[in-house]
Amino acid sequence: MNYLAWPDYKQGWIFRHRELPVAAEDLEHIKPLTAVAALQFWRQNISKEATHASHFLGDDWPARNGVWAEQGDWQASWDSDSNELPELIAAHLSWDDNTVVYFCYHSEHVVQTSWKIFRRYWKNFLFYDDEPFLLGKKRSQVVQFHSDGSFHIGTKPADH
């Protein structure tokens, strides 16, 4: 994968926000992909055609029936003083700390980190809440966050 240097990552402020700062030693484990690498990842893992969740077609797996199992609310947890993920997400994604995860905002904006780091700083990732996906490398569980403060948990089809 090709990664952006922090000075070149225009959305980097979400990890330097004064109210939710990311420790310097953890920041090195948050890796924004270059636009080319992000597009390649998106096409291989989310959609070959659509560039954003609002553009999915019926043959894109996120638009298929049966993918999404349950819905919950992330906004209340985000607004709280607790840093815990919503319980439904934590239960659905019982991954090892070192599982590589990808937070996919759109086809040219994907960030790679570990499950441990994502859990610690999930609120930072959701400063941009325009329908992003959370995927784990070689994992079928997936979460999509919605800008209305809700989320869906689901399972990626095996054929994708």
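Scroll up a little and you will see the structure.
This report concerns the structure included in the present document. (Residues numbered from 1 in each chain as written. Predicted model: local features only at pLDDT ≥ 70, side-chain atom pairs only at ≥ 80, totals over all residues. Heavy atoms only, no water.)

Within the structure shown, the criterion is met by 23 aromatic pairs. Ring centres of phenylalanine 103 and phenylalanine 125 lie 5.4 Å apart, and the angle between their planes is 65°; this geometry places the pair in the edge-to-face category. Of this pair, phenylalanine 103 sits in strand β3 (residues 100-106) while phenylalanine 125 sits in helix α5 (residues 115-125), placing them 22 residues apart in sequence. Assigned by exposure class, phenylalanine 103 and phenylalanine 125 land together as buried. (Phe/Tyr/Trp six-rings, centres within 6.5 Å; stacked < 30°, edge-to-face > 60°. Helix = DSSP H or I, 4+ residues; strand = E, 2+ residues; numbered from the N terminus. Buried < 20%, exposed > 50% of the residue type's maximum accessible area, 1.4 Å probe, protein only.)

On to the nonpolar core. By size, the foremost hydrophobic cluster in this structure holds 27 residues, and its most contacted members are Phe118, Phe125, Leu134 and Phe145. Among the elements of the structure, β3, α5, β6 (141-145) and β7 (150-155) are those that each provide at least two residues to this core. Ranked by the residues each element gives to this core, the list is headed by α5, at six residues. Setting aside its immediate chain neighbours within four residues, phenylalanine 125 contacts Ile14, Phe15, Ile30, Phe103, Tyr105, Val111, Thr113 and Phe118. Residues Ala50, Ala53, Trp61 and Tyr102 belong to the second largest nonpolar core, which totals 17 residues. (Core = buried A, V, L, I, M, F, W, Y, C linked by side-chain atoms within 4.5 Å. Contact = heavy atoms within 4.5 Å.)

Here we take up the environment of glutamate 70. For glutamate 70, the position within the fold is in strand β2 (residues 68-73). With a relative accessible area of 43%, glutamate 70 lands in the partly exposed category. Leaving out residues up to four positions away in the same chain, glutamate 70 has contacts with Leu88, Phe151, His152 and Ile153.

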